[in-house]
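Chain residues, written in single-letter form:
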Amino acid sequence: MDILENEIEQPLLKTKENWEGFVKTQVLDFLMAHNLQAITVDDGAGKKGVIKRTANGDYKVQITSNETL
């Protein structure tokens, strides 16, 4: 996937559920495909996802969200 793709072609990541799904699928797939130990993604609007590979080879996913009400 090209980072500079048109927004229409990319999934809308505005809701918490869409962001969590994106982190747990596409970001995790990228980490595994490139044999990385950890990856952090931030949408710039308060949502952040961190995935780390544990010593056992498992993947730990942490998703945070800051919302202004």
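Shown above is the structure to which this text applies.
Residues numbered from 1 in each chain as written. Predicted model: local features only at pLDDT ≥ 70, side-chain atom pairs only at ≥ 80, totals over all residues. Heavy atoms only, no water.

Undergrad: What's the story with the overall build of the protein chain in this structure? I'm lost.
TA: Regarding its fold elements, the protein chain presents 1 helix and 3 strands. Counted from the first residue to the last, the protein chain has its helices and strands arranged as α-β-β-β. Across the 69 residues that make up the protein chain, the buried fraction comes to 17%. Within the protein chain, contacts between residues at least 6 apart in sequence are counted, and of these 27% link residues at least 24 apart. Total accessible area on the protein chain stands at roughly 5,500 Å², and carbon and sulfur atoms take up 51% of it. (Helix = DSSP H or I, 4+ residues; strand = E, 2+ residues; numbered from the N terminus. Buried < 20%, exposed > 50% of the residue type's maximum accessible area, 1.4 Å probe, protein only. Contact = heavy atoms within 4.5 Å. Areas by Shrake-Rupley, 256 points an atom, 1.4 Å probe, with all protein chains shown as cover.)

Undergrad: Looking at this structure, I do not really get the pairing of strand E2 (residues 47-53). What am I missing?
TA: Regular strands place side chains that alternate from one sheet face to the opposite one. Here strand E1 (residues 38-42) pairs with E2 via 5 bridges, running antiparallel. If you follow threonine 40 over to E2, its bridge partner there is valine 50. Connecting E1 to the next strand, E2, in antiparallel fashion are 4 residues, including glycine 44 with a positive phi near 80°. Relative to strand E3 (residues 59-65), E2 runs antiparallel, the two being bridged by 7 bridges. Bridged to lysine 47 within E3 is serine 65. (Pairing = 2+ DSSP bridges.)

Undergrad: Explain the packing of aromatic side chains to me, please; I cannot follow it from the model alone.
TA: Each aromatic ring pair is characterised by the separation of its centres together with the angle its planes make. Evaluation of the coordinates by the stated rule reveals 1 aromatic pair. For the pair tryptophan 19 and phenylalanine 22, a centre-to-centre distance of 5.7 Å together with 40° between the ring planes defines the contact as tilted. With tryptophan 19 and phenylalanine 22 both in helix H1 (residues 16-33) and 3 residues apart, the pair spans about one turn of that helix. Given the relative accessible area of 3%, tryptophan 19 is considered buried. Assessed through its relative accessible area of 17%, phenylalanine 22 is described here as buried. (Phe/Tyr/Trp six-rings, centres within 6.5 Å; stacked < 30°, edge-to-face > 60°.)

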